[in-house]
Structure formats: C-alpha cells, structure tokens
Amino acid sequence: MDGFVYNGNPGRVIFGSGTVSRLGEEAEKLGASRVLVLSTPEQAGQAQAIAGNLGKRFAGLYPNARMHTPTDVTADAMRLVETLGADAVVSIGGGSTTGLGKAIAFRTDLPQIVVPTTYAGSEATPILGETENGRKVTKSDPRILPEVILYDVELTMTLPVALSVTSGMNAIAHAVEALYAREANPIISLMAEEGIAALARALPAIKTDPGDVTARSDALYGAWLCGVCLGSVGMALHHKLCHTLGGMFNLPHAPMHTAVLPHAVAYNEAAAPVAMARLAKALGVTDVAEGLYDLAAGLGASMALKDLGMPEDGVRPAVEQAMSNAYWNPRPLDREALETLIGRAYAGTRPG
Ligand code: NAD
C-alpha cells in the first residue's frame, strides 16, 4: 500500500424510504426551534408538505432558490432569516436549493439539514459556488458542509427520466475524477468505484421504469458516495472545463457534465491507467470514454454542447479560460488538444 492522506468530512447521514418523517426529530437534535425551509419555485408545494414534519419548529418557507446560487437571491433569503429569527435551514431539492442553504450557512453558521431530490451530491461537500455579476466563484469552508443529510428515496421518484440520467452522470463525473485525483486515497477510491457501479446499474433501470424503487434507491446511494468523493479530494480537468463552460455560457449544469465527461476522460485516459482499469470494472466496459458516452447517449441524453446553448465561436475562449488558473490534472494541459476536446463535446462526437 502506498502512503496516503485521508480527510473525512463530519456529518450525519440518514438513508431510506419515508425518512422525511424524521425531520422534526433531526431538527430537535440540532437544538433548532425556528427552521427556515428552502426550495425552488417548482418544488415549493413539495417543500411546504414536507415542512409539516417539523411541526411547531417550522418558521417559514423561502421558495426562490435558483441555479448557480446568485448572491442577490441569497441576500433576499438572508432578510427572511433575520425577520424570522431562524436558527436552522432545511434545504429540500437539488444542488440549486442546497447551494442557497450553504450560502446562508456560510454567512450565519446556522446548522443545515439537506433533503436531496437529485443526484448532484452537493449535500456531501464543504464547497459553495456563488454567482455575482455573471462570475461564479467557488469557496470551501467547514461552515458550508451540511450537518445532516436526510435521503428519502420516495422524494426522488418524481425526478424526470432525462434529469435522472444527466444528474446521475454528473454524480459519476465526481467519482471518475476522484479515482485519478492527486489526493486519491484507498477509502475514497472504494467509494468512487461503488458509486459508479451503483449508478451505472440504476440509470438504465430508471429509464425503463422511473417507478423502480430498487433502481431509485441504488441511484441515490451512488449519488451519496459520489458526492463524498467530490467533497473529499480535488477535482481535475473535467470539473474545471464544466466550471468554465457553465460560467461563460450559462449551460445547464447536469446536461453539460454529461456531454463533457467522455471527452475529458479520453483526454486523461493514457495518463491514468490504474484509475481507468478501476473505472472500466465499475462500468463493465473495456474503453471508459466510449463506455461513458454510450451509457449516456443510450439513455437519451443530449451529447452535444451546441444543443445545450453553447455558441460555436465559444470553443477558443473557453480553452483560454480553462488554461488560466488550471486545476491539477494527470495529463498536462495542451491548448491544441483541449481545443479538439471541447470541439468534440460541442459537436457531440463519440470519443475514440
Ligand atoms: P437543480 O437543483 O437546479 O434542479 C433542477 C430542477 O429540477 C429544478 O427545477 C428542481 O426544482 C427540479 N427538481 C429537483 N428534484 C426534483 C424531483 N425529485 N422531482 C421533480 N423535480 C425536481 O439541479 P441539480 O443538477 O441538482 O443542481 C445544479 C446546481 O448544483 C448547480 O448550480 C451546481 O453548480 C450545483 N452543484 C454544487 C455542488 C457542490 O458541491 N457545491 C455539487 C453539485 C452541483
């Protein structure tokens, strides 16, 4: 065994079916008596219903969370935190809602309970990406890490198939990069392999039957494992590219990850043979980049960034930005090769 460093993030995880009924109990454990519940506008009704589990501890609902955590939305929510005298936040939804809860916790150190309804994995990380004046800035801080995650499989049953597929691929991307991370360690690599295998098994079954509880449960379990990977070791080229492209062209988060991942993996394939062998095993394929492409495309995901809103003349500026302040990557960044990579993701070409 080679030497390694492992940093475990603290946090309580409750996983199962019908677990939202334990929300009041969990708020009580945190000593919270005035809980602010957060959601997107689309999930306001669901959040209001779940808030009933808080009983008299429910202080109010803020249903305006938005993608990429804009700071003006956070400022608006902060006014409600103060008016209500909130002493905890409960985020019910995907990464957008979790982002708002984290932004509030970063400013106030209030404890957070997250009830995830997608596979984004933000609930398991001390990372927050906030957007101000069109620029997304990422920070990491112990205050940002949620205290409690309440995974309830029942709440994921309504996640549309298309979003289930891309959100699942977004989760897989975290684990892929964890396997070739500079800080890779044996515990996180185990979680990465297990998370990828669970999602690769679950996503086709969800596509066939979105009401398949076993598949939904496997996907949520995989999403948690992949989220832990994201929160524990540094990410590389794939996440840097998505951060750049998302910020520059406001592309939808999970679909963008899905389209870029096979090409980022193809770029790194030869430089990370041990990770690729583990990935191939987890995915049950011989070529990882092609396997990831075929998995997502076979489930109906759009594999071309041009279909997600990226302009054709955006390839070069994106490479320029990705090369500046580059993350560590197993293969050094090469301008020409990156242009090819983004060009292929733009067009949706199969790697190989
Ligand atoms: P999202 O939270 O924006 O959700 C997408 C849409 O799906 C929303 O309208 C939401 O209300 C709806 N939705 C969510 N769950 C549903 C369900 N079960 N049934 C029906 N509708 C549902 O999407 P996302 O991909 O989960 O999150 C993306 C955001 O999360 C981005 O801003 C990204 O940067 C951030 N993120 C952050 C981290 C981190 O560690 N900081 C990790 C991953 C993602």
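Computed from a predicted structure; not experimentally measured.

This next bit is on the overall build of the chain. From N to C terminus, the chain includes 13 helices and eight strands. Taking 2.2 N^0.38 as the reference for a compact globule, 352 residues should give roughly 20 Å; the C-alpha atoms of the chain span a radius of gyration of 19 Å, in line with that estimate. The principal-axis extents of the C-alpha atoms in the chain amount to approximately 60 × 40 × 40 Å. Expressed as a percentage of its 352 residues, the buried residues of the chain come to 53%. In the chain, 76% of the contacts between residues at least 6 apart in sequence involve partners at least 24 apart.

Here the chain is partitioned into domain 1 (12-156) and domain 2 (161-347). For domain 1 and domain 2, the distance between their C-alpha centroids amounts to 25 Å. Between domain 1 and domain 2, the residue contacts involve 19 residues of the former and 24 residues of the latter. Going through the elements one at a time, strand S1 (12-16) and strand S7 (135-140) are the ones with two or more residues in the side of domain 1 that touches domain 2.

This brings us to the site of the ligand. Around the ligand sit 29 residues in total, of which Gly94, Gly95, Ser96, Thr118 and Ser122 are the nearest. Top contributing element to the shell around the ligand by residue count: helix H4 (residues 95-108), with four residues. Counted by class, the shell around the ligand contains nine nonpolar, 19 polar and one charged residues. For the shell around the ligand, the domains that each give at least three residues are domain 1 (12-156) and domain 2 (161-347).

The biggest cluster of nonpolar side chains holds 119 residues, and the ones touching the most others in it are Val35, Val90 and Cys229. Both of domain 1 (12-156) and domain 2 (161-347) provide at least three residues apiece to this core.

Despite not being glycine, Thr69 has its phi angle at roughly 45°, a positive value. Looking at where Thr69 falls in the secondary structure, it is placed in the loop between strand S3 (58-62) and helix H3 (71-84). You can call Thr69 buried: it has 25 C-beta atoms within 10 Å. In this structure, Asn250 is a non-glycine residue whose phi angle is positive, near 50°. As for its position among the elements, Asn250 is in the loop between helix H8 (237-249) and helix H9 (253-268). Its 17 C-beta neighbours within 10 Å are what place Asn250 among the partly exposed residues.

Its 13 residues give H8 an end-to-end C-alpha distance of 18 Å, which sits within 8% of 18 Å, the value for a rise of 1.5 Å per residue. By the burial criterion, the buried members of H8 are Leu237, His238, His239, Lys240, Leu241, Cys242, Thr244, Leu245 and Gly246. Contacts made by the buried residues of H8 are with S7, helix H5 (161-179), H9 and helix H12 (315-323). Looking one or two residues beyond H8, the residue adopting positive phi is Asn250, at roughly 50°.

Here strand S5 (residues 112-116) lies mainly inside the structure; five of its five residues are buried. Where strand S4 (residues 88-93) meets S5, five bridges bridge the pair, whose relative direction is parallel. The residue of S5 that forms the bridge with Ile92 is Val115. Of the crossover connections in this fold, the one passing from S4 over H4 to the parallel S5 is right-handed. Pairing of S5 with strand S8 (residues 148-152), which is carried by two bridges, proceeds in the parallel orientation. Across the sheet, Ile113 pairs through a bridge with Val148, a residue of S8.

Across the chain, the average pLDDT comes to 97, with 100% of residues at 70 or higher. The weakest mean pLDDT in the chain belongs to S7 at 88; the strongest belongs to strand S2 (residues 35-38) at 99. Overall fold confidence for the complex sits at a pTM of 0.97, while the interface term, ipTM, reaches 0.99.

To continue, consider the UniProt feature "domain: Fe-containing alcohol dehydrogenase-like C-terminal" (unreviewed entry) in the chain. Per the UniProt entry, the sites bearing "domain: Fe-containing alcohol dehydrogenase-like C-terminal" (unreviewed entry) are residues 165-346 in this numbering. Note that residues 165-346 is 71% helix and 0% strand, and that its end C-alpha atoms are spaced 19 Å apart.

The next point concerns the packing of H3 against H4. Orientation of H3 relative to H4, taken along the N-to-C sense of each, is 65°, at an axis distance of 10 Å. When the axes of H3 and H4 are compared, the crossing they make is right-handed. Contacts between H3 and H4 involve Val73, Thr74, Ala77, Met78 and Val81 from the former and Leu100, Ala103, Ile104, Arg107 and Thr108 from the latter. Class assignment for the residues of the contact of H3 with H4 results in seven nonpolar, two polar and one charged.

Next up on the list: the sheet that holds S4. Reading across the sheet, the six strands line up as S1-S8-S5-S4-S2-S3 and stay open at both edges, with parallel pairing between neighbours. The two strands at the open ends of the sheet, each matched to only one other strand, are S1 and S3. Pairwise comparison of adjacent strand axes, ignoring direction, gives a mean angle of 15° for this sheet. Note that S2 and S3 share four bridges and pair parallel. Across the sheet, the residue bridging to Val35 is Phe58, located in S3. The sheet strands contacting H4 are S2, S4 and S5, and the helix crosses S4 at an angle near 165°.

About the thresholds
- Residues numbered from 1 in each chain as written.
- Predicted model: local features only at pLDDT ≥ 70, side-chain atom pairs only at ≥ 80, totals over all residues.
- Helix = DSSP H or I, 4+ residues; strand = E, 2+ residues; numbered from the N terminus.
- Rg over C-alpha atoms; globule rule 2.2 N^0.38 Å.
- Buried ≥ 20, exposed ≤ 12 C-beta atoms within 10 Å, placed from the backbone.
- Contact = placed C-beta atoms within 7 Å.
- Domains from an automatic or database assignment.
- Near = placed C-beta within 6 Å.
- Nonpolar A, V, L, I, M, F, W, Y, C, P; charged D, E, K, R; others polar.
- Core = buried A, V, L, I, M, F, W, Y, C linked by C-beta atoms within 7 Å.
- Expected span 1.5 Å × (residues − 1).
- Pairing = 2+ DSSP bridges.
- Right-handed = clockwise from strand over helix to strand, strands pointing away.
- pLDDT = per-residue confidence, 0-100.
- UniProt positions renumbered as here; feature names shortened; annotations may be inferred.
- Axes fitted to C-alpha atoms, helices over the stretch in contact; angles between N-to-C directions.
- Left-handed = near helix turned anticlockwise from the far one by under 90°.

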